[in-house]
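What follows is each chain in one-letter form.
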Amino acid sequence: MRLVGLTGGIASGKSTVSNLFKDAGVPVVDADVVARNVVQKGTGGWKKIVKAFGDEILLDDGEIDRARLGQIVFSDPSKRQLLNRLLAPHISSGIFWEIAKLWMKGCKVIVLDIPLLFETKMDRWTNPVIVVWVNPETQIERLMSRDGCSEEQAQNRINAQLALDWKKSEADIVIDNSGSLDDTKQQFQEVLRKVSEPLTWKERLRSRDGLISVVMCTAVGVLLAQKNLL
Ligand SMILES: CC(C)(COP(=O)(O)OP(=O)(O)OC[C@H]1O[C@@H](n2cnc3c(N)ncnc32)[C@H](O)[C@@H]1O)[C@@H](O)C(=O)NCCC(=O)NCCS
Ligand SMILES: Nc1ncnc2c1ncn2[C@@H]1O[C@H](COP(=O)(O)OP(=O)(O)OP(=O)(O)O)[C@@H](O)[C@H]1O
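Residues numbered from 1 in each chain as written. Chains lettered and ligands numbered in written order. Predicted model: local features only at pLDDT ≥ 70, side-chain atom pairs only at ≥ 80, totals over all residues. Heavy atoms only, no water.

> An account of the site of ligand 1 is needed here, citing residue identities and associated values.
Of all residues adjacent to ligand 1, which total 21 residues, the nearest are Asp32, Arg36, Arg66, Asn84 and Gln161. Asp32 has a polar side-chain atom sitting 2.6 Å from an oxygen atom of ligand 1. A distance of 3.2 Å separates an oxygen atom of ligand 1 from a polar side-chain atom of Arg36. Computed on the free molecule, ligand 1 has an accessible area of 780 Å², of which 89% lies beneath the protein chains in the complex. Those elements that provide at least two residues to the shell around ligand 1 are helix H2 (31-37), helix H4 (66-75) and helix H5 (77-104). The residue inventory of the shell around ligand 1, partitioned by class, reads 13 nonpolar, three polar and five charged. No fewer than three residues from each of domain 1 (1-27 + 107-197) and domain 2 (39-106) sit in the shell around ligand 1. (Near = heavy atom within 4 Å. Polar contact = N/O pair within 3.5 Å; in protein donor to acceptor, adjacent residues only side chain to side chain. Areas by Shrake-Rupley, 256 points an atom, 1.4 Å probe, with all protein chains shown as cover. Helix = DSSP H or I, 4+ residues; strand = E, 2+ residues; numbered from the N terminus. Nonpolar A, V, L, I, M, F, W, Y, C, P; charged D, E, K, R; others polar. Domains from an automatic or database assignment.)

Written as C-alpha cells, this is what we have:
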C-alpha cells in the first residue's frame with residue numbers, strides 16, 4: 001500500500017487537488033472531514049472541547065459553533081495549541097481507521113489530505129509528499145474571498161501553520177496552484193502518473209494482497225517442512 005501525503009497551506013488548493021484524485025478514482029482520506037466527525041455532539045472530542053472552552057462554544061442545537069471556535073483559536077496561539085492537544089489523538093485514530101477500511105478493501109494507493117501533515121509529523125508515514133503551493137498574494141485573496149474574512153483574520157490563519165515556502169522545500173512533488181484551474185489540472189496529470197507507478201516491493205508487502213501472499217507462502221513453507229521432517 002502506498003500512502004501519498006497531500007498538504008499545503010490554508011486555501012492553497014488541497015481540496016481542489018484531492019477532488020482531482022477522487023475523480024481519477026484514487027481514494028482520499030480528508031483530515032478536515034475526520035476532524036469534523038470527531039467533534040460531533042456527544043463524542044469524546046466534543047466533551048473535551050466543551051470542558052475546555054465552556055458551554056458558550058455551543059450552538060442552540062448543541063453542536064460546536066465552529067466559526068466562534070475558529071475566531072478564538074486563530075487569534076490566540078495558546079488556545080490553538082490546547083485545541084490541537086485535545087483533538088490530536090481523536091484525529092489520528094480517525095485517520096488510522098479510514099486507512100484501515102480502505103486497506104481491507106484492497107486499495108493500493110491512498111491519498112491522505114492532511115493540512116497539518118508536517119506540523120503533526122505525519123509526513124513520516126507518507127511517500128511521496130505532495131505540497132500544493134500558491135503565491136502569498138493569491139493565497140490571501142482566495143482565503144478572504146472563500147471564507148469572507150478580513151485580511152487580518154486571513155493572515156492569522158496563515159500564520160497558524162508552518163510557512164508554505166518551507167513546506168514546498170520539503171516536498172517530493174510540488175503543484176503550483178497560483179494559476180488557473182486548467183493549469184493545475186495539467187500539472188496533476190504528471191502527478192497522477194507518478195503516484196500510480198507500480199508499487200515497490202515494500203509497498204506491496206504493506207498492501208492487503210501482499211500480506212495475504214506472505215501468510216500463504218509461510219503456511220505452505222511450514223507445511224512442506226513438516227512433511228519433510230515426518
Ligand atoms: C478551528 C476550527 C473549529 C475551525 O473550523 P472551520 O469549519 O472554520 O474550518 P475547517 O475545519 O474547515 O478548517 C479549514 C482549514 O483551517 C486550517 N486549520 C484547521 N485547524 C487548524 C489548526 N489547529 N491549526 C492550523 N490550521 C488549522 C486547515 O488548513 C484547514 O483546512 C476547526 O478547524 C478545528 O476544529 N480545528 C482543529 C482540528 C484540526 O487540527 N484540523 C486540521 C486537520 S489536520
Ligand atoms: N487554480 C485556482 N483558480 C482559482 N480559484 C481556485 C484555484 N484553486 C482553488 N481555488 C479556490 O480557492 C479556494 C481555496 O481552495 P481549496 O478549498 O481547494 O483550498 P484548501 O487548501 O483545501 O483549503 P483549506 O486549507 O481551508 O482546507 C476555494 O474557494 C477554491 O475554489
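> Lay out the site of ligand 2 in plain terms, naming residues and giving numbers.
Not every one of the 16 residues close to ligand 2 is listed here, only the nearest: Lys14, Ser15, Thr16, Arg146 and Asn177. Here an oxygen atom of ligand 2 sits 3.0 Å away from a polar atom, N or O, in the main chain of Gly13. Interatomic distance of 2.6 Å between a side-chain N/O atom of Thr16 and an oxygen atom of ligand 2. Expressed as a share of its isolated accessible area of 630 Å², the protein-covered part of ligand 2 is 74%. Where the shell around ligand 2 is concerned, the elements lending two or more residues are helix H1 (14-23), helix H6 (136-147) and helix H9 (181-195). A total of three residues in the shell around ligand 2 trace back to one element, the largest contributor, which is H1.

> For unusual backbone geometry, give the residues involved together with the corresponding values.
With an omega of 0°, the peptide bond between Asn127 and Pro128 qualifies as cis. Checked against the element boundaries, Pro128 lands in the loop between strand S3 (109-113) and strand S4 (129-133). Positioned with a positive phi, Lys121 is a non-glycine residue whose angle comes to about 60°.

> Can you tell me about the packing of H4 against H5, naming the residues and giving the values?
Running from N to C, H4 and H5 point in directions that differ by 115°, and their axes come no closer than 5 Å. Residues Leu69, Ile72, Val73, Phe74 and Ser75 of H4 touch H5, and the partners they reach there are Pro77, Lys79, Arg80 and Leu83. Classifying every residue of the contact of H4 with H5 by side-chain character gives six nonpolar, one polar and two charged. (Axes fitted to C-alpha atoms, helices over the stretch in contact; angles between N-to-C directions. Contact = heavy atoms within 4.5 Å.)

> Got a sec to walk through the packing of helix H3 (residues 44-53) against H5? Specific residues and values, please.
At a minimum axis separation of 9 Å, H3 and H5 run at an interaxial angle of 160°. Overall, the two elements H3 and H5 adopt an arrangement that is roughly antiparallel. H5 is crossed by H3, and the crossing has right-handed handedness. Across the interface between the two elements, Gly44, Gly45, Lys48, Ile49, Ala52 and Phe53 of H3 pack against Lys79, Leu82, Leu83, Leu86, Leu87, Pro89 and His90 of H5. (Parallel < 35°, antiparallel > 145°, perpendicular 65-115°, else oblique. Left-handed = near helix turned anticlockwise from the far one by under 90°.)

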